[in-house]
Amino acid sequence: MSDLTPEQAYRAMARIRQFEEMCLELKSGGEIPGSIHLAVGQEAIPVGACSQLGPDDAVTATYRGHGWALARGVDLAQAFAEIMGRESTLSGGRGGSPYFSDASVNFMGENSIVGGGVPIALGAAVDAWQGDREVVSVVSIGDGALNQGNTHEALNFAAAFDLPLVVVVENNIYSEMTPWKDMMGIDSLQERAAGYGIRSVQIDGNDAFAVATAVGDARDRGLKGGGPTFVEAETERLVGHYSGDAQAYRPPGEVEDARTREPLVALRGSHPDLVNSFDAIDAEVSVDIDAAVTAARAMNEPAPSTLTEHLYV
Ligand SMILES: Cc1ncc(C[n+]2csc(CCOP(=O)(O)OP(=O)(O)O)c2C)c(N)n1
């Protein structure tokens, strides 16, 4: 398992945070078409998880997956370009915010179908198993995706065949605007894992190091033929479900409270000696973000003559 330093964790999380905050600015400035789903507050999960992966491991995410793409190594300018509808190397500007994918870093893609990534990630795990390859497949899902039929089928299949699948459940309390506890008859998401016979752990998803340990252990276990692991990472989203969500369904003070324990604040709190380094990292990341936006703005939009390309009907 590779070590993650506090500075590395901070830089990777700050990059995602500033990327998404800039997306909000670009959206309000009219530079991003459609709605966007941000994971502000959930950055420790992709950063901790991806710190433990090898280059050939496969990563699949949800529509809230910008952080996973960036933590996996997707280029910042290409990410902005995709969201801005430019001809990027991700989905050519045709997918936008919920459809990043980049085979060059084994990022199998985001997916706006809830639970849609799980069978795709299962396919990557089957490929690893059949080819006897030393790789695992990691999939991020929300708590709400546990109620989808294809999630059940894929998790059952992974358990039956001891496949090297790591399921990272980002438990951010809400499924869209509804608390998961209002939609399920169980007290803990861990009960779902038990139902499949999948080993599970519940961790602080705002702590990149706790995530790294859990995913690193799960990866080692998967590579040794120990089968899938269900990692429930508890976290809180600091922004709306989507860019236009006024969040009226959230109790007063909930977001303010969450801001006192979000991943960047928590890391600063646990390393007061590194605060100057963290400030310097923030400033460096900000320069990278501005440069990436400038590069994205200079990219072309897809030519109208290519409108019918990539269509199946
Ligand atoms: C199959 C399907 N059903 C419904 C929707 C509408 N929808 C979009 S997001 C969402 C909630 C998902 O919640 P969760 O899995 O907890 O992820 P989170 O939004 O918290 O990241 C729903 C129901 C969808 N995109 N796909």
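Relevant structure appears above.
Parameters at a glance
- Residues numbered from 1 in each chain as written.
- Predicted model: local features only at pLDDT ≥ 70, side-chain atom pairs only at ≥ 80, totals over all residues.
- Core = buried A, V, L, I, M, F, W, Y, C linked by C-beta atoms within 7 Å.
- Buried ≥ 20, exposed ≤ 12 C-beta atoms within 10 Å, placed from the backbone.
- Helix = DSSP H or I, 4+ residues; strand = E, 2+ residues; numbered from the N terminus.
- Contact = placed C-beta atoms within 7 Å.
- Axes fitted to C-alpha atoms, helices over the stretch in contact; angles between N-to-C directions.
- Parallel < 35°, antiparallel > 145°, perpendicular 65-115°, else oblique.
- Left-handed = near helix turned anticlockwise from the far one by under 90°.
- Nonpolar A, V, L, I, M, F, W, Y, C, P; charged D, E, K, R; others polar.
- Pairing = 2+ DSSP bridges.
- Near = placed C-beta within 6 Å.
- Right-handed = clockwise from strand over helix to strand, strands pointing away.

**Student:** Please clarify how the nonpolar core should be interpreted in this entry.
**Tutor:** Within soluble globular proteins, side chains that are nonpolar generally end up buried alongside one another. Val168 and Val231 are the most contacted members of the largest nonpolar core, which totals 81 residues. In terms of residue count, the dominant contributor to this core is helix α1 (residues 6-28) (8 residues). Each residue touching Val168, except ones within four places of it in the same chain, is listed here: Ile45, Ala49, Val138, Val139, Ser140, Val215, Val231 and Ala233.

**Student:** Quick question: what am I supposed to make of the packing of α1 against helix α11 (residues 275-297) here?
**Tutor:** For any two helices packed against each other, the geometry comes down to the angle between their axes and how far apart the axes lie. Contact pair α1 / α11: the axes reach a minimum separation of 9 Å and the direction vectors enclose 40°. Our classification of the angle between α1 and α11 gives oblique. Regarding α1 and α11, the two cross each other, and that crossing is right-handed. Here Glu7, Tyr10, Arg11, Ala14, Arg15, Gln18, Phe19 and Met22 of α1 lie close against α11, whose contacting residues are Ser277, Phe278, Ile281, Asp282, Val285, Ser286, Ile289 and Val293. Broken down by class, the residue content of the contact of α1 with α11 amounts to 9 nonpolar, 3 polar and 4 charged.

**Student:** Mind showing me how you'd approach the packing of α1 against helix α10 (residues 263-270) here?
**Tutor:** The contact between α1 and α10 brings their axes to 10 Å, and the two run at 155°. With respect to their mutual orientation, α1 and α10 come out roughly antiparallel. Between α1 and α10 lies a crossing of left-handed hand. When α1 is examined against α10, the residues Pro6, Ala9, Tyr10, Met13, Ala14 and Arg17 are found in contact with a partner set consisting of Pro263, Leu264 and Leu267.

**Student:** Explanation requested: the sheet that holds strand β3 (residues 137-142) in the structure shown.
**Tutor:** Neighbouring strands of a sheet are bound in pairs by backbone hydrogen bonds; such pairs are parallel or else antiparallel. Pairing within the open sheet is parallel, and its 6 strands lie in the order β2-β1-β3-β4-β8-β7. Each of the sheet's edge strands pairs with one partner strand only, and the pair in question is β2 (107-109) and β7 (199-204). Averaged over all pairs of adjacent strands, the angle between strand axes in this sheet comes to 20°, irrespective of strand direction. By the bridge criterion, 2 bridges tie strand β1 (residues 58-60) to β2 in an arrangement that is parallel. Along β2, the bridge assignment pairs Val59 with Phe107. Lying over the sheet, helix α5 (residues 117-130) contacts β1, β2, β3 and β4 (165-171), oriented at roughly 165° with respect to β3. Helix-sheet contacts for helix α8 (residues 208-223) involve β3, β4, β7 and β8 (229-234), and the interaxial angle to β8 is about 175°.

**Student:** Is there a simple way to explain the site of the ligand in this structure?
**Tutor:** As a structural note, the neighbourhood of the ligand is formed by 14 residues, with Val114, Gly142, Gly144, Ser175 and Glu176 the closest of them. Tallied by class, residues from the shell around the ligand come to 4 nonpolar, 7 polar and 3 charged.

**Student:** What's the story with the pairing of β3 in this structure? I'm lost.
**Tutor:** The buried fraction of β3 amounts to 6 of the 6 residues, a majority that puts the element mostly inside the structure. With burial as the criterion, each face of β3 is covered, one bearing Ser137, Val139 and Ile141 and the other bearing Val138, Ser140 and Gly142. Here 3 bridges tie β1 to β3, and the two strands are oriented parallel to one another. Bridging across to β3, Thr60 finds its partner in Val139. Two strands pair when backbone bridges link them, and β3 and β4 are joined in this way by 6 bridges, in the parallel orientation. Residue Ser137 lies in a different strand from β4, and its bridge partner there is Leu165. Handedness of the crossover joining β3 and β4 through helix α6 (residues 149-160): right-handed.

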